[in-house]
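Below are the chains, spelled out letter by letter.
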Amino acid sequence: MRFGIIGTGTVGRTLATKLVAVGHEVTLGSRTRDNPAALSWAEQAGPQGHAGTFEEAAAFGEVIVNATGGTVSLQALRLAGADNLAGKVVVDVSNPLVFSATGDVSLSPVNTDSIGEQIQREFPEARVVKALNTLSAPLMVDPGRVPGPHQLFVAGDDHGAKTLVRGVLEQFGWASADVLDLGGIDAARGTEMLMPFWLKLMGHYGHTDFNYSIRSAD
């Protein structure tokens, strides 16, 4: 498939590299066509990797990945263009983290709303799936970095979109049983609220190779 990735940070580049490695074609999008990170990535990625603007990446992709920071995601997707998102699966990997001057972390929005829901409301013709926002970028594409079973979460209103995303996650190496469907896009509230806790765990362990392992009596 063709993927358009919105955002050139560590998460965007990591996902882009893995998607190319498993056979997909990717345009990595930024605000400007001459973004150094995007151009460098495309040069290293080979013929299946391209650099472009947000709008060009969204027009190119059959599937769109929002890998921007949650507080700027709506702005980035507006630049990508509603027409370029209509009818497409939009995988939202963002978290709405707000850092204070003292380093304290909060979320905006939180509790009664989420970035995933905001994206779905603003772009109602998009098929938004919240996924991959509860763990580090290296672990997203290489679950074997943590031994034993551990889980990912997906949420969204479109069953077919979630099925497509699950298929991509399996290409990344995730077992189908370890991808937990939490229901509609409103479940993004809960997964986004995990991120401040995740940051505390990172401080405890001193690294990012950890994840959630959910145990059930069933």
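Look up: the structure comes first, before these words.
Residues numbered from 1 in each chain as written. Predicted model: local features only at pLDDT ≥ 70, side-chain atom pairs only at ≥ 80, totals over all residues. Heavy atoms only, no water.

Asks: Any chance you could explain the layout of surface pockets here in plain terms?
Replies: If a probe the size of a water molecule is rolled over the atoms, the empty space left behind becomes visible. The volume enclosed by the largest pocket comes to roughly 410 Å³. A per-element tally of the lining of the largest pocket places helix α1 (residues 10-21) first, with 3 residues. Each residue belonging to the lining of the largest pocket can be placed in one class, and the counts come to 12 nonpolar, 14 polar and 1 charged. (1 Å grid on protein atoms, 1.4 Å probe; cavity = no way out; pocket = protein on both sides within 12 Å on 5 of 7 lines; lining within 4 Å. Points joined across faces, edges and corners; volume = space filled by probe spheres on them. Helix = DSSP H or I, 4+ residues; strand = E, 2+ residues; numbered from the N terminus. Nonpolar A, V, L, I, M, F, W, Y, C, P; charged D, E, K, R; others polar.)

Asks: Where do I start with empty space enclosed by the protein in this structure?
Replies: Evaluation of the coordinates by the stated rule reveals 1 cavity of 30 Å³ or more. In this structure, the largest cavity spans a volume of roughly 110 Å³. Contributing to the lining of the largest cavity are 13 residues, with V65, V91, L132, V168 and F172 lying nearest its centre. Counting only elements with at least two residues in the lining of the largest cavity, the list comes to α1, β4 (63-66) and α8 (159-171). When residues of the lining of the largest cavity are assigned to their parent elements, the largest contribution, 4 residues, is made by α8. In terms of residue class, the lining of the largest cavity is built from 13 nonpolar, no polar and no charged.

Bear in mind that shape data such as this cannot, by itself, settle questions of function.
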